[in-house]
Amino acid sequence: MTAEAAHESGQIQAGRGEPLVVLDGVDKWYGDLHVLQDIDLTITRGEVVVVIGPSGSGKSTLCRTINRLETIQGGSITLDGQPLPAEGKALANLRAEVGMVFQSFNLFAHKTILENVTLGPIKVRKQSKDAADKRGMELLERVGIAHQAQKYPAQLSGGQQQRVAIARALAMDPKVMLFDEPTSALDPEMIKEVLDVMVDLAERGMTMVVVTHEMGFARTAAHRVVFMADGAIAEENTPEEFFTNPRTERAQDFLGKILKH
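About the criteria used
- Residues numbered from 1 in each chain as written.
- Predicted model: local features only at pLDDT ≥ 70, side-chain atom pairs only at ≥ 80, totals over all residues.
- Heavy atoms only, no water.
- Core = buried A, V, L, I, M, F, W, Y, C linked by side-chain atoms within 4.5 Å.
- Buried < 20%, exposed > 50% of the residue type's maximum accessible area, 1.4 Å probe, protein only.
- Helix = DSSP H or I, 4+ residues; strand = E, 2+ residues; numbered from the N terminus.
- Contact = heavy atoms within 4.5 Å.
- UniProt positions renumbered as here; feature names shortened; annotations may be inferred.
- Pairing = 2+ DSSP bridges.

## Side note on the nonpolar core
Thought 1: Counting residues in hydrophobic clusters, the biggest one holds 50 residues, and the most contacted among them are I52, L140, I166, M177, F179, M198 and M208.
Thought 2: Per-element tally for this core: the top contributor is helix α7 (residues 188-203), with 8 residues.
Thought 3: Setting aside residues up to four positions removed in sequence, M177 forms contacts with G99, V101, I166, A169, L170, L201, M206, T207, M208 and V209.
Thought 4: By size, the runner-up hydrophobic cluster in this structure holds 27 residues, among which are L36, L41, I77 and V176.

As C-alpha coordinates, then:
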(Lines give C-alpha, C1' and ligand atoms only; values in the text may rest on other atoms or scores of the structure.)
Protein backbone atom coordinates (compact mmCIF):
# COMPACT_ATOMS: atom_id res chain seq x y z
CA MET A 1 0.00 0.00 0.00
CA THR A 2 1.41 3.43 -0.86
CA ALA A 3 1.79 6.09 1.82
CA GLU A 4 -1.09 7.96 0.20
CA ALA A 5 -3.32 4.90 0.20
CA ALA A 6 -2.41 4.15 3.81
CA HIS A 7 -3.13 7.74 4.70
CA GLU A 8 -6.48 7.64 2.97
CA SER A 9 -7.46 4.46 4.77
CA GLY A 10 -6.29 5.99 8.04
CA GLN A 11 -8.40 9.01 7.37
CA ILE A 12 -11.49 6.88 6.83
CA GLN A 13 -10.86 4.89 10.00
CA ALA A 14 -10.27 7.99 12.08
CA GLY A 15 -13.45 9.53 10.75
CA ARG A 16 -15.47 6.58 11.98
CA GLY A 17 -14.35 6.77 15.60
CA GLU A 18 -16.67 7.97 18.31
CA PRO A 19 -16.12 11.48 19.73
CA LEU A 20 -13.41 11.52 22.39
CA VAL A 21 -12.77 15.23 22.96
CA VAL A 22 -15.59 17.69 22.30
CA LEU A 23 -15.23 21.46 22.57
CA ASP A 24 -18.58 23.19 22.29
CA GLY A 25 -18.79 26.98 22.04
CA VAL A 26 -15.59 27.46 24.04
CA ASP A 27 -14.67 31.03 25.01
CA LYS A 28 -11.58 32.21 26.82
CA TRP A 29 -10.47 35.71 27.73
CA TYR A 30 -7.26 37.14 29.15
CA GLY A 31 -8.60 40.43 30.51
CA ASP A 32 -10.05 42.18 27.44
CA LEU A 33 -8.34 39.83 25.00
CA HIS A 34 -10.73 37.24 23.59
CA VAL A 35 -8.18 34.48 22.93
CA LEU A 36 -10.62 31.66 22.11
CA GLN A 37 -13.80 32.66 20.34
CA ASP A 38 -16.71 30.24 20.21
CA ILE A 39 -14.57 27.18 19.42
CA ASP A 40 -16.43 24.08 18.21
CA LEU A 41 -14.16 21.09 17.68
CA THR A 42 -14.76 17.35 17.93
CA ILE A 43 -11.81 14.97 17.97
CA THR A 44 -12.71 11.33 17.39
CA ARG A 45 -10.95 8.32 18.87
CA GLY A 46 -7.78 7.51 16.92
CA GLU A 47 -7.77 10.82 15.06
CA VAL A 48 -4.68 13.00 14.63
CA VAL A 49 -5.62 16.67 14.52
CA VAL A 50 -2.87 19.19 13.76
CA VAL A 51 -3.53 22.79 14.79
CA ILE A 52 -1.62 25.44 12.87
CA GLY A 53 -1.80 29.20 12.47
CA PRO A 54 0.11 32.41 13.07
CA SER A 55 1.59 33.28 16.47
CA GLY A 56 -1.01 34.56 18.91
CA SER A 57 -3.89 32.81 17.13
CA GLY A 58 -4.85 30.79 20.24
CA LYS A 59 -3.37 27.41 19.26
CA SER A 60 -1.49 26.70 22.49
CA THR A 61 -4.32 28.03 24.63
CA LEU A 62 -6.73 25.70 22.84
CA CYS A 63 -4.41 22.76 23.50
CA ARG A 64 -4.04 23.67 27.19
CA THR A 65 -7.79 23.96 27.81
CA ILE A 66 -8.21 20.26 26.98
CA ASN A 67 -6.51 19.22 30.21
CA ARG A 68 -7.61 22.32 32.09
CA LEU A 69 -4.20 23.94 32.36
CA GLU A 70 -6.26 26.89 31.10
CA THR A 71 -9.78 27.46 32.39
CA ILE A 72 -12.52 28.59 30.03
CA GLN A 73 -15.17 31.24 30.58
CA GLY A 74 -17.81 29.95 28.20
CA GLY A 75 -18.92 26.76 26.51
CA SER A 76 -17.99 23.24 27.54
CA ILE A 77 -15.29 20.62 27.03
CA THR A 78 -15.90 16.91 27.50
CA LEU A 79 -13.46 14.00 27.46
CA ASP A 80 -14.96 10.61 26.67
CA GLY A 81 -18.42 11.96 27.45
CA GLN A 82 -17.46 13.47 30.84
CA PRO A 83 -17.19 17.22 31.47
CA LEU A 84 -13.73 18.38 32.58
CA PRO A 85 -13.67 18.52 36.39
CA ALA A 86 -12.80 21.84 38.01
CA GLU A 87 -10.33 20.79 40.68
CA GLY A 88 -9.15 18.25 43.21
CA LYS A 89 -8.80 14.52 42.75
CA ALA A 90 -11.14 14.39 39.74
CA LEU A 91 -8.93 16.91 37.93
CA ALA A 92 -5.79 14.89 38.77
CA ASN A 93 -7.52 11.80 37.37
CA LEU A 94 -8.44 13.68 34.20
CA ARG A 95 -4.84 14.77 33.73
CA ALA A 96 -3.80 11.15 33.97
CA GLU A 97 -6.07 10.44 30.97
CA VAL A 98 -4.60 13.28 28.91
CA GLY A 99 -0.89 13.09 28.07
CA MET A 100 0.80 16.43 27.50
CA VAL A 101 4.12 17.13 25.81
CA PHE A 102 5.30 20.74 25.92
CA GLN A 103 7.92 22.81 24.16
CA SER A 104 10.07 22.53 27.30
CA PHE A 105 10.64 18.99 28.43
CA ASN A 106 9.79 19.51 32.15
CA LEU A 107 11.76 16.45 33.26
CA PHE A 108 12.86 16.07 36.88
CA ALA A 109 16.59 16.84 36.79
CA HIS A 110 17.45 14.79 39.90
CA LYS A 111 15.73 11.62 38.67
CA THR A 112 17.01 9.15 36.09
CA ILE A 113 15.31 8.84 32.72
CA LEU A 114 13.56 5.65 33.82
CA GLU A 115 12.47 7.24 37.13
CA ASN A 116 11.00 10.17 35.19
CA VAL A 117 8.93 7.74 33.11
CA THR A 118 7.75 5.55 36.02
CA LEU A 119 6.93 8.26 38.57
CA GLY A 120 3.35 8.85 37.34
CA PRO A 121 2.37 5.18 37.01
CA ILE A 122 3.70 4.41 40.51
CA LYS A 123 2.27 7.51 42.25
CA VAL A 124 -0.98 8.06 40.36
CA ARG A 125 -1.82 4.67 38.87
CA LYS A 126 -0.46 2.82 41.95
CA GLN A 127 1.53 0.37 39.82
CA SER A 128 4.22 -1.71 41.45
CA LYS A 129 7.77 -0.53 40.82
CA ASP A 130 8.55 -3.75 38.91
CA ALA A 131 5.54 -3.37 36.59
CA ALA A 132 6.23 0.33 36.06
CA ASP A 133 9.92 -0.32 35.34
CA LYS A 134 9.09 -3.07 32.83
CA ARG A 135 6.59 -0.88 31.00
CA GLY A 136 8.91 2.14 31.25
CA MET A 137 11.72 0.21 29.58
CA GLU A 138 9.36 -0.93 26.82
CA LEU A 139 8.38 2.68 26.15
CA LEU A 140 11.97 3.90 26.23
CA GLU A 141 12.76 1.14 23.75
CA ARG A 142 9.89 2.34 21.55
CA VAL A 143 11.20 5.91 21.49
CA GLY A 144 14.74 4.65 20.88
CA ILE A 145 16.50 5.54 24.14
CA ALA A 146 16.30 2.43 26.36
CA HIS A 147 20.13 2.45 26.55
CA GLN A 148 19.94 5.85 28.31
CA ALA A 149 17.56 4.68 31.06
CA GLN A 150 19.97 5.21 33.96
CA LYS A 151 21.24 8.61 32.83
CA TYR A 152 19.92 11.96 34.03
CA PRO A 153 18.14 14.50 31.78
CA ALA A 154 21.15 16.86 31.64
CA GLN A 155 23.20 14.05 30.06
CA LEU A 156 20.81 13.79 27.09
CA SER A 157 20.33 15.96 24.00
CA GLY A 158 17.19 18.04 23.63
CA GLY A 159 15.74 15.57 21.14
CA GLN A 160 16.37 12.67 23.51
CA GLN A 161 14.82 14.57 26.42
CA GLN A 162 11.73 15.26 24.37
CA ARG A 163 11.47 11.56 23.53
CA VAL A 164 11.65 10.82 27.27
CA ALA A 165 8.82 13.32 27.81
CA ILE A 166 6.74 11.43 25.21
CA ALA A 167 7.50 8.07 26.88
CA ARG A 168 6.57 9.58 30.26
CA ALA A 169 3.20 10.74 28.94
CA LEU A 170 2.56 7.35 27.29
CA ALA A 171 3.38 5.51 30.54
CA MET A 172 0.06 6.74 31.95
CA ASP A 173 -1.85 5.04 29.10
CA PRO A 174 -3.63 8.28 28.21
CA LYS A 175 -6.77 8.39 26.08
CA VAL A 176 -5.44 11.38 24.16
CA MET A 177 -2.03 13.00 23.71
CA LEU A 178 -1.62 16.77 23.45
CA PHE A 179 1.55 18.16 21.90
CA ASP A 180 2.16 21.90 22.27
CA GLU A 181 4.91 22.85 19.80
CA PRO A 182 7.01 19.84 20.85
CA THR A 183 9.87 20.55 18.44
CA SER A 184 10.14 24.34 18.54
CA ALA A 185 12.91 24.37 21.18
CA LEU A 186 15.00 21.77 19.32
CA ASP A 187 17.93 22.08 16.96
CA PRO A 188 16.99 21.16 13.37
CA GLU A 189 18.79 17.81 13.41
CA MET A 190 16.83 16.74 16.51
CA ILE A 191 13.43 17.63 15.14
CA LYS A 192 13.19 14.59 12.88
CA GLU A 193 13.89 12.10 15.67
CA VAL A 194 10.99 13.50 17.70
CA LEU A 195 8.63 13.72 14.72
CA ASP A 196 9.45 10.10 13.82
CA VAL A 197 8.28 9.00 17.26
CA MET A 198 5.09 11.05 16.83
CA VAL A 199 4.42 9.56 13.37
CA ASP A 200 4.84 6.09 14.88
CA LEU A 201 2.31 6.98 17.59
CA ALA A 202 -0.13 8.24 14.97
CA GLU A 203 0.24 5.02 12.99
CA ARG A 204 -0.49 3.00 16.14
CA GLY A 205 -3.85 4.78 16.48
CA MET A 206 -3.15 7.20 19.33
CA THR A 207 -5.60 10.11 19.47
CA MET A 208 -3.45 13.23 19.14
CA VAL A 209 -3.87 16.99 19.11
CA VAL A 210 -0.67 18.58 17.84
CA VAL A 211 0.13 22.29 17.78
CA THR A 212 3.12 22.63 15.48
CA HIS A 213 4.96 24.66 12.86
CA GLU A 214 6.13 21.46 11.18
CA MET A 215 4.11 21.41 7.97
CA GLY A 216 5.70 18.15 6.82
CA PHE A 217 4.28 16.41 9.89
CA ALA A 218 0.89 18.03 9.27
CA ARG A 219 0.90 16.74 5.70
CA THR A 220 1.96 13.17 6.48
CA ALA A 221 0.52 12.33 9.89
CA ALA A 222 -2.63 14.43 10.31
CA HIS A 223 -6.12 13.23 9.51
CA ARG A 224 -7.31 16.81 9.81
CA VAL A 225 -5.69 20.23 9.83
CA VAL A 226 -7.31 22.94 11.93
CA PHE A 227 -6.19 26.46 10.98
CA MET A 228 -6.63 29.13 13.65
CA ALA A 229 -6.49 32.88 13.26
CA ASP A 230 -7.36 35.58 15.83
CA GLY A 231 -8.68 33.12 18.40
CA ALA A 232 -11.09 31.36 16.06
CA ILE A 233 -11.02 28.31 13.81
CA ALA A 234 -10.81 29.88 10.37
CA GLU A 235 -10.69 26.65 8.39
CA GLU A 236 -10.39 22.88 8.82
CA ASN A 237 -9.87 20.20 6.23
CA THR A 238 -7.86 17.14 5.27
CA PRO A 239 -4.14 17.94 4.86
CA GLU A 240 -4.36 17.29 1.13
CA GLU A 241 -7.22 19.77 0.66
CA PHE A 242 -5.87 22.34 3.09
CA PHE A 243 -2.37 22.56 1.64
CA THR A 244 -3.36 22.39 -2.03
CA ASN A 245 -6.59 24.33 -1.89
CA PRO A 246 -6.95 26.60 1.17
CA ARG A 247 -10.35 28.25 1.11
CA THR A 248 -9.87 31.34 3.28
CA GLU A 249 -7.72 34.33 2.56
CA ARG A 250 -6.06 34.03 5.99
CA ALA A 251 -5.00 30.45 5.25
CA GLN A 252 -3.79 31.34 1.76
CA ASP A 253 -1.76 34.23 3.18
CA PHE A 254 -0.30 32.04 5.98
CA LEU A 255 0.66 29.22 3.63
CA GLY A 256 2.07 31.68 1.10
CA LYS A 257 4.44 33.02 3.76
CA ILE A 258 5.62 29.71 5.22
CA LEU A 259 5.79 27.47 2.17
CA LYS A 260 8.08 29.85 0.27
CA HIS A 261 10.91 29.12 2.71
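## Considering the UniProt feature "domain: ABC transporter" (unreviewed entry) in the protein chain
Thought 1: Residues annotated in UniProt with the feature "domain: ABC transporter" (unreviewed entry) correspond here to residues 21-255.
Thought 2: Helix makes up 39% of residues 21-255 and strand 26%, and the two end C-alpha atoms of the span are 27 Å apart.

## Regarding the sheet that holds strand β2 (residues 33-44)
The strands that make up a sheet pair up through hydrogen bonds in the backbone, lying either parallel or antiparallel.
Thought 1: What the 4 strands build is an open sheet, ordered β2-β1-β4-β5; its pairing is antiparallel. At either margin of the open sheet sits one strand with a lone partner, and together these are β2 and β5 (82-83).
Thought 2: Here strand β4 (residues 74-79) pairs with β5 via 2 bridges, running antiparallel. Bridge pairing in β5 places L79 opposite Q82.

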